[in-house]
Amino acid sequence: MAKAKQHGFEQVALALQGGGALGAYQAGAYQALAARGIVPDWVAGVSIGAINAAIIAGNAPETRVAALEGFWQRITRFLPGNMALPEPLLPAAVNNLMWAGRNLTFGQPGFFSPRLPPPYLWPDDRPEALSYYDITPLRDTLCEFVDFDRLNDGPVRLSVGAVDIHNGNYVYFDNRERRIGPEHIMASGALPPGFPPVEVEGRFYWDGGLASNTPLDYVLHHTPRPDTLIFQIDLWPAHGELPRNIRDVAERIKEIQYSSRTRLSSDHMVREMQMKRRVRELLARLPHDTDARDLLDAMEKDCAGGVATIVHLIYESRPYEHESKDYNFSRRMMEEHWHSGGHDVNRVLASPGVLERPDDHEGIRVFASDRV
């Protein structure tokens, strides 16, 4: 399907935040976008967002939704002895806490399994001493649902964020700069102390969410940037209510820690693009035969870049989810998150002008799911 029939942009990018079990929201959002013929050219992700991004980039457009469904069904399978009581017998909040507790105890098939014995019983310097869970099962699952040849050689750009443990710096593994394998994706989602560090090319990495849980800045500041439609799909809201109890406190801490203040980034980008537009207008009025031509050319290059629209989708959790929502891998909650993602995409895209290219003077637009 021709892109021009769907929107007025040269490039579509997805920026996928980390959030564990909440990542099914991103999969549902992608399904709704695909149903409208909106196909990404670039997918950037952190943690569970990196896994979803790899599945999207590592499959043909016609099989991506099926691959996402396969992955999420795989990691929300029932384990022996890991059955929640029938829903009518328990309040939703209690059932969610039971599911989350069982996930922590038994792990999740195709994703992670508990270390036995636990890490504090292993000698120092042993890999087993560094985390509570083993993520070896995730490698096999990634290899099942991601075609890494397509991921690296296909048309979709993939970028996943991680933190270098040695120097504390944030890095992006980008398939336009290197070959990406399962270890790069696993490194992006290696959240300590639950998951162990992952070795990539002789260095060790942890979850990118430790430094920045949102890849929006990486996408926005890439130059030269064509006219871009960006879907920023967040799993943690920055705004929230004053906690009423200790469960609310734990939930709000996570929201503040992992929201990465996406709206602050987008507001900053609006101001930056307005400034660059003014600089370009000023440069156009200056004489071309000046001795400072090299400097002016460099400034013009720095200010280059097309217009952008940011569609900011934010998952709003249910009152009964609480702080365990990112590690509650129950099938019921996965389906709820998936449905919410699709619903929010359809609701935001119903707003006038979302898929229309901003004019050069306007430069950038932002549409947020909590404001429509």
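Residues numbered from 1 in each chain as written. Predicted model: local features only at pLDDT ≥ 70, side-chain atom pairs only at ≥ 80, totals over all residues. Heavy atoms only, no water.

Visitor: Tell me what's going on with the packing of helix α1 (residues 24–35) against helix α2 (residues 48–57), and back it up with residues and numbers.
Guide: It is the contact of α1 with α2, at a shortest axis distance of 9 Å, that shows an interaxial angle of 35°. Relative to α2, α1 is oriented so that their crossing is right-handed. On α2, the residues that touch Q26, A27 and Y30 of α1 are I48, G49, N52 and I56. (Axes fitted to C-alpha atoms, helices over the stretch in contact; angles between N-to-C directions. Helix = DSSP H or I, 4+ residues; strand = E, 2+ residues; numbered from the N terminus. Left-handed = near helix turned anticlockwise from the far one by under 90°. Contact = heavy atoms within 4.5 Å.)

Visitor: Could you give an account of the packing of aromatic side chains, naming the residues involved and the relevant values?
Guide: Taken as a whole and judged by the stated rule, the model has 14 aromatic pairs. Seen in terms of ring centroids, Y133 and F195 are 6.4 Å apart; in terms of plane orientation they differ by 85°. Their pairing is edge-to-face. Note that Y133 is positioned in strand β4 (residues 133–134) and F195 in the loop between α7 (182–188) and β7 (198–200), a separation of 62 residues in sequence. Both residues of the pair, Y133 and F195, count as buried. Between the aromatic rings of Y172 and Y218, the centroid separation amounts to 4.0 Å while the plane-to-plane angle is 15°, which identifies the pairing as stacked. Highlighted residues: Y172 in strand β6 (residues 170–174) and Y218 in helix α8 (residues 216–220), separated in sequence by 46 residues. Residue Y172 is classed as buried on the basis of its relative accessible area of 13%. Here the aromatic residues F111, F112, Y133, F195 and F329 are joined through ring pairs into a cluster of three or more. Against the face of W42 rests R157, its NZ or CZ located 4.1 Å from the ring centre. (Phe/Tyr/Trp six-rings, centres within 6.5 Å; stacked < 30°, edge-to-face > 60°. Buried < 20%, exposed > 50% of the residue type's maximum accessible area, 1.4 Å probe, protein only. Lys NZ or Arg CZ within 6 Å of the ring centre and 35° of its normal.)

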